[in-house]
Amino acid sequence: MSKTIMVSYEGNPCYTIEIQKDFCLLPEKLKALGYGNQKVCIISDSNVAAFYLEELKAMLASQFIYCTSFVFEAGESSKNTDTVGAVYQHLIQHQFDRKDLLVALGGGVVGDLAGFAAATYLRGIDFIQIPTTLLSQTDSSIGGKTGVDFMQYKNMVGAFYMPKLVYMNLSALKSLPARQFFAGTAELIKHGFIKDAAYTQFIENQSDKIIAQDYDAMEETIYQSCLIKRDVVERDPKEQGERALLNFGHTIGHAVEKLSDFKLSHGECVALGMVAAAYLSWKRGNIKREEFDQLKNILKEYKLPIVLNAFSHTPKEILAATKLDKKMEAGKVKFILLKTLGEAYVTKDVTDAEILEAISYIAASQM
Ligand code: GLY
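If you're wondering where the values come from, they're calculated on a predicted model, not measured in any experiment.

The rules we used
- Residues numbered from 1 in each chain as written.
- Predicted model: local features only at pLDDT ≥ 70, side-chain atom pairs only at ≥ 80, totals over all residues.
- Heavy atoms only, no water.
- Axes fitted to C-alpha atoms, helices over the stretch in contact; angles between N-to-C directions.
- Helix = DSSP H or I, 4+ residues; strand = E, 2+ residues; numbered from the N terminus.
- Parallel < 35°, antiparallel > 145°, perpendicular 65-115°, else oblique.
- Left-handed = near helix turned anticlockwise from the far one by under 90°.
- Contact = heavy atoms within 4.5 Å.
- Nonpolar A, V, L, I, M, F, W, Y, C, P; charged D, E, K, R; others polar.
- Polar contact = N/O pair within 3.5 Å; in protein donor to acceptor, adjacent residues only side chain to side chain.
- Buried < 20%, exposed > 50% of the residue type's maximum accessible area, 1.4 Å probe, protein only.
- Pairing = 2+ DSSP bridges.
- Near = heavy atom within 4 Å.
- Areas by Shrake-Rupley, 256 points an atom, 1.4 Å probe, with all protein chains shown as cover.
- Phe/Tyr/Trp six-rings, centres within 6.5 Å; stacked < 30°, edge-to-face > 60°.
- Lys NZ or Arg CZ within 6 Å of the ring centre and 35° of its normal.
- Expected span 1.5 Å × (residues − 1).

Attention shifts here to the packing of helix α7 (residues 197–205) against helix α9 (residues 215–235). α9 packs onto α7 with a crossing angle of 155° between their chain directions and a minimal axis gap of 11 Å. Classified by the angle their axes make, α7 and α9 are roughly antiparallel. Crossing of α7 over α9 shows left-handed handedness. Judged by residue contacts, Y199, F202 and I203 of α7 engage A217, E220, T221, Q224, S225 and I228 from α9. Looking at the contact of α7 with α9 residue by residue, the classes come out as five nonpolar, three polar and one charged.

Next up, the structure:
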C-alpha cells in the first residue's frame, strides 16, 4: 500500500518520492536521511496549516532539536518576494543555519515558495516537500523547480533546487475542496496527453474510481504521473528541451490565469490552455478531430472547463498576456503542440494569428 520512486539528478540518485496513505513513515524516512540533530521549520499556508500543522509539528518536535513553523496567507497573491523575505526573517530570528531543515507543507504555492527560500537562505539549506494537493503531488513537488511571481510575471524569480525527499500522504487529498481536486487532475491528464497514450486510456477508463477517490486508483494514477514526470526531469532537469513539454497548456493557461486575477485556478487554466493547444494541433493536421474531441471529453469528465465563460478580457488581450510569459525565447512564444494524443513537441513557429484563433475558439461557446 505504498510506493517509492527514486529520482536522479545529473546521473546520481538524489531523492525519493514516497507515496503513502498517512504521515506515519515520515520520521523513519527523515531518520534514514540522517536528519534529527538540527532545527526544522515547517512552512505552510493558512489553509493547509489548519489541517496538518499540529500533527506534523508534534511528530517533528520529538525528532528534531527544535521545531518552528511559518504560516502565510493561502493564495497565489502570497507567492512573492515579500513573503520570501518574511521567511528569511523568521529563520534569522530562530537562528537557523545551513545544516537545518525546511519542510514545505502544502500545495504548489507553498512548495515553490519554501523551495525558493531554501535555495537562497544562506546560499542553500536542505528542504523536503510534503505536497498536500493533487496538483503538487503529481507535478510541482517533483523536479526541483522553485520560485515566486514578480510584478505581473508568474514564476519569474526562482532556482532549480532539489528537495531531499518528497513525501506524499494521499489521505490529505480527502480534505481538498472538490473544485481544487478536479483542478489537480489537469496536470495528471496533461502527463497522459504529452507522453503516454496508454496512461490517457487509463485515466479515461478509471475516471469513475479516480473521481470517487478510490485509494488504489488514486495511488496508481499518482504513481504513473510521478513516473512520467520523473523520467522527463531526469533527462532534462534544467528545461533545455524536453522538460518544456510539461508546459503543455501553460502558455495560454498562464495568460488566462493572470488575467482572471487568479479567480480561475492554475489547473482550470491549464485545461483551457490544453484545449487551445489541441485545437491548433488539430488545425495543423497533427491530431484527428476524434482525438481533439476525446481530449475535450476527458477534461469534461473531470469537471474541468473547456470554454472560457463570462471572461472580461478579449482574445486580443489574452494574446498580449501570452507575451508576458517567461516561456518566450528570442521574442517568440514557445508553444507545446500535440503530434498524437500521447506525444507532444515544442515549436516556436506558432503565429499570432494562430494563437488568436485558438484563444477565440475557447472564448466562444461553440462546443
Ligand atoms: N511543472 C512543470 C515543470 O516542472 O517543469
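Tracing the sequence through the fold places K79 in the loop between β4 (66–72) and α3 (81–93). Distance from K79 to N155, taken between C-alpha atoms, is 8.7 Å for residues 76 residues apart in sequence. K79 has contacts with V109, D112, L113, G147, V148, D149, K154 and N155, leaving out every residue within four places of it along the chain. One polar contact links K79 to D112, side chain to side chain, over a distance of 2.8 Å.

Another point: the packing of helix α6 (residues 178–195) against α7. Running from N to C, α6 and α7 cross one another at 145°; their axes reach a closest spacing of 6 Å. Where α6 crosses over α7, the two elements pack in a sense that is left-handed. Mapping the contact onto sequence places L188, I189, H191, G192, F193 and K195 in α6 and A197, Y199, T200 and I203 in α7.

The subject of this paragraph is the pairing of strand β9 (residues 165–169). Here β9 lies mainly inside the structure; five of its five residues are buried. Residues of β9 alternate between two faces, with L165, Y167 and N169 on one and V166 and M168 on the opposite face, all of them buried. Looking at chain direction, strand β2 (residues 12–20) and β9 are connected through five bridges and run parallel. Paired with I19 across the strands is M168, a residue of β9.

Here we take up unusual backbone geometry. The phi angle at L122 is positive, at roughly 50°, despite the residue not being glycine. For L122, the location among the structural elements is in the loop between α4 (108–120) and β6 (126–131). Take L122: its relative accessible area is 36%, and that puts it in the partly exposed class. Although it is not a glycine, N155 sits at a positive phi angle of roughly 50°. Summarising the element assignment, N155 is placed in strand β8 (residues 153–160). Relative accessible area serves as the criterion here: at 22%, N155 is assigned to the partly exposed category.

Around the ligand sit D139, K145, K229, E239, R243 and L246, and those are all the residues in its vicinity. One nitrogen or oxygen atom from the side chain of D139 is found 2.6 Å from a nitrogen atom belonging to the ligand. Between K145 and the ligand, the recorded distance is 2.9 Å, taken from a side-chain N or O atom to an oxygen atom. Relative to its free-state accessible area of 200 Å², the ligand is covered by the protein chains to the extent of 89%. Grouping the amino acids of the shell around the ligand by side-chain chemistry returns one nonpolar, no polar and five charged.

The relative placement of two aromatic rings is captured by the distance of their centres and the angle of their planes. Scanning the entire structure with this criterion turns up eleven aromatic pairs. Considering the side-chain rings of F181 and F182, the 5.6 Å spacing of their centres and the 75° angle between planes classify their relative orientation as edge-to-face. The pair formed by F181 and F182 is uniform in burial state, with each residue classed as buried. An aromatic cluster is built from Y279, W282, F292 and Y361, whose rings are joined through pairwise contacts. Taking NZ or CZ as reference, K3 lies 5.0 Å from the ring centre of Y223, over its face. Above the ring of W282, the side-chain terminus of R289 is found at 4.5 Å from the ring centroid.

What follows concerns helix α11 (residues 266–283). An ideal rise of 1.5 Å per residue puts 26 Å on 18 residues; α11 measures up with 25 Å between its terminal C-alpha atoms. Counting buried positions over the 18 residues of α11 gives 16, a clear majority of the element. Phi turns positive one or two residues past the end of α11, at G285, with a value near 85°.

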